[in-house]
Amino acid sequence: MTSWPTTLQSAAELLRTGYLVAFPTETVYGLGADATNPAAVARIFEAKQRPTFDPLIVHVAKLAQVESVVSQFPETARLLATEFWPGPLTLVLPKRDIIPDLVTAGLSGVGIRIPRHPVAIELLKAAGCPVAAPSANPFGGISPTTAQHVADGLGSSVDCIVDGGPCAVGLESTVLSLMTERPVLLRHGGCPLEDIERLIGPVEIARSDPSRDDAAQPAPGMLSRHYAPATRLIVIPHQQLAEPIAGLRCGLLTAGKQPFSGRFVRIETLSDDGNLQTCAANFFAAMRTLDASDLDVIIGHEFPPHGLGVALNDRLRRAAH
Ligand code: TXA
Ligand code: MG
């Protein structure tokens, strides 16, 4: 039962009654279900083929709703929420019992955020319940930044897709845990680390540990292969000359203003002037286009290592494993 397009009221009604609704956020499209309904949440894992050790982010429309989901909201959270919500920042805070263990993969903390997309806010308000939503793509694949991407990846396993146009940020939210004295960054994302540290001081960065298995990583989003195209991807340093490999059909993914020579079968330039916000907004769609271009290999230029470039480099490296 995939209905698309649909009204927000009917989509909200589907959420309230245990169905799966894909909806736009400013970061990527989410695959939503009522976060307080374990059977509905279980269907998210099934639809995405996602392992249950990987917890889901809970979305709410306004600050007043946050206290129904988390049991503590420390001063640091208040500062961050005032500055960055609604927006691409997820905070991990102690959960209340209303959130089933399946949502948090058995952890005592729940990831929560208020998204910035007007359609998401309206939908969440109309639904009234907190909504658990991972990115609306099959597990490990490329995140969706349009409604068509969702339909291509999940098809009939989602009950309804709300189309809100292409996502403006284009990278998933930054995930910051406030479960310990010192905040820990679990995933780089749409809210740059520099901006967070300017507000709350130094943040510890969780490192993935290649010697441990996937379930034992500090955050499951740290899986080394993630956000990945089917085509082999090779990452080269920022500003290094990109050249095709002889005898192979090569594609190029580049920020713009990066040196390259030779004949690439397809070149995806993310931004004419190298603007990192534009690069982020176009990144996943460009990766899909290259993946569908019958290439042997994609060569991806690293981004400058500041601002959104840090999250872009993270996604690029994980896509290359
Ligand atoms: O921008 C986003 O964050 C999008 C939109 C839809 O909001 N959602 C998203 O969800 O990217 P997902 O499931 O693809 O990635 C969420 C990641 C998890 O893999 C995990 O690393 C981390 O967030 N996470 C969620 N809840 C957590 C928790 N309770 N403790 C630690 N990490 C958590
Ligand atoms: Mg995801």
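### Let's talk about the nonpolar core
Logical step 1: Formed by 48 residues in total, the largest nonpolar core has its most connected members in Leu 31, Leu 80, Trp 85, Leu 89, Leu 91, Leu 176 and Ile 196.
Logical step 2: For this core, the secondary structure elements donating two or more residues are strand 2 (30-34), helix 2 (38-48), helix 4 (75-84), strand 4 (89-94), strand 5 (109-113), helix 7 (147-154) and helix 8 (193-200).
Logical step 3: Top contributing element to this core by residue count: helix 2, with 5 residues.
Logical step 4: Sequence-distant contacts of Leu 80, defined by excluding residues within four places in its chain, comprise Trp 85, Leu 89, Leu 91, Leu 176, Leu 178, Ile 196, Leu 199 and Ile 200.
Logical step 5: Counting residues in hydrophobic clusters, the runner-up holds 24 residues, among them Ile 298, Ala 311, Leu 312 and Leu 316.

### Details of the domain arrangement of the chain
Logical step 1: Assigned domains within the chain: domain 1 (8-212) and domain 2 (232-320).
Logical step 2: The distance between the C-alpha centroids of domain 1 and domain 2 comes to 27 Å.
Logical step 3: Taken over both partners, the interface formed by domain 1 and domain 2 buries close to 1,400 Å², and the fraction arising from carbon and sulfur atoms is 61%.
Logical step 4: If you look at where domain 1 meets domain 2, you find 1 salt bridge.
Logical step 5: A salt bridge links Glu 172 to Arg 315; the shortest N-O distance between them is 2.8 Å.
Logical step 6: Here domain 1 is connected to domain 2 by 6 residue pairs in polar contact (both at pLDDT 80 or more).
Logical step 7: Looking at the side of domain 1 that touches domain 2, its residues break down into 8 nonpolar, 7 polar and 3 charged.

Rules behind the numbers
- Along each chain, residues carry numbers from 1 onward, in the same order as the chain's sequence is written.
- Here chains are named by letter from A upward and ligands by number from 1 upward, in the order in which they appear as written.
- Side-chain atom pairs in this predicted model are given and counted only at pLDDT of 80 or more, local residue features only at pLDDT of at least 70, and totals for whole chains, interfaces and linings cover all residues.
- As a rule here, side-chain values cover all heavy atoms of the structure and leave hydrogens and water aside.
- Here the nonpolar core consists of buried residues drawn from Ala, Val, Leu, Ile, Met, Phe, Trp, Tyr and Cys, with membership extended through side-chain atoms lying within 4.5 Å.
- A simple rule labels every residue: compare its accessible area, found with a 1.4 Å probe on the protein chains alone, to the largest value its type can have, and call it buried under 20%, exposed over 50%, or partly exposed in between.
- Only DSSP runs of H or I with at least four residues qualify as helices, and only runs of E with at least two residues qualify as strands; both kinds are numbered from the N terminus onward.
- Working rule for contacts: check all heavy atoms of both residues, and any pair within 4.5 Å makes them a contact.
- What fixes the domain bounds is an automatic or database domain assignment.
- Accessible surface is computed with a 1.4 Å probe, and the buried area is the amount of it that two parts give up when combined, taken over both parts together.
- The rule for a salt bridge is simple: a side-chain nitrogen of Lys or Arg has to be within 4 Å of a carboxyl oxygen of Asp or Glu.
- Pairing of N or O atoms within 3.5 Å defines a polar contact, subject to two protein rules: one partner must be a possible hydrogen donor and the other a possible acceptor, and residues neighboring in sequence count only if both atoms are side-chain atoms.
- Gly is put with the polar residues, along with every residue not named as nonpolar or charged; the nonpolar set is Ala, Val, Leu, Ile, Met, Phe, Trp, Tyr, Cys and Pro, and the charged set is Asp, Glu, Lys and Arg.

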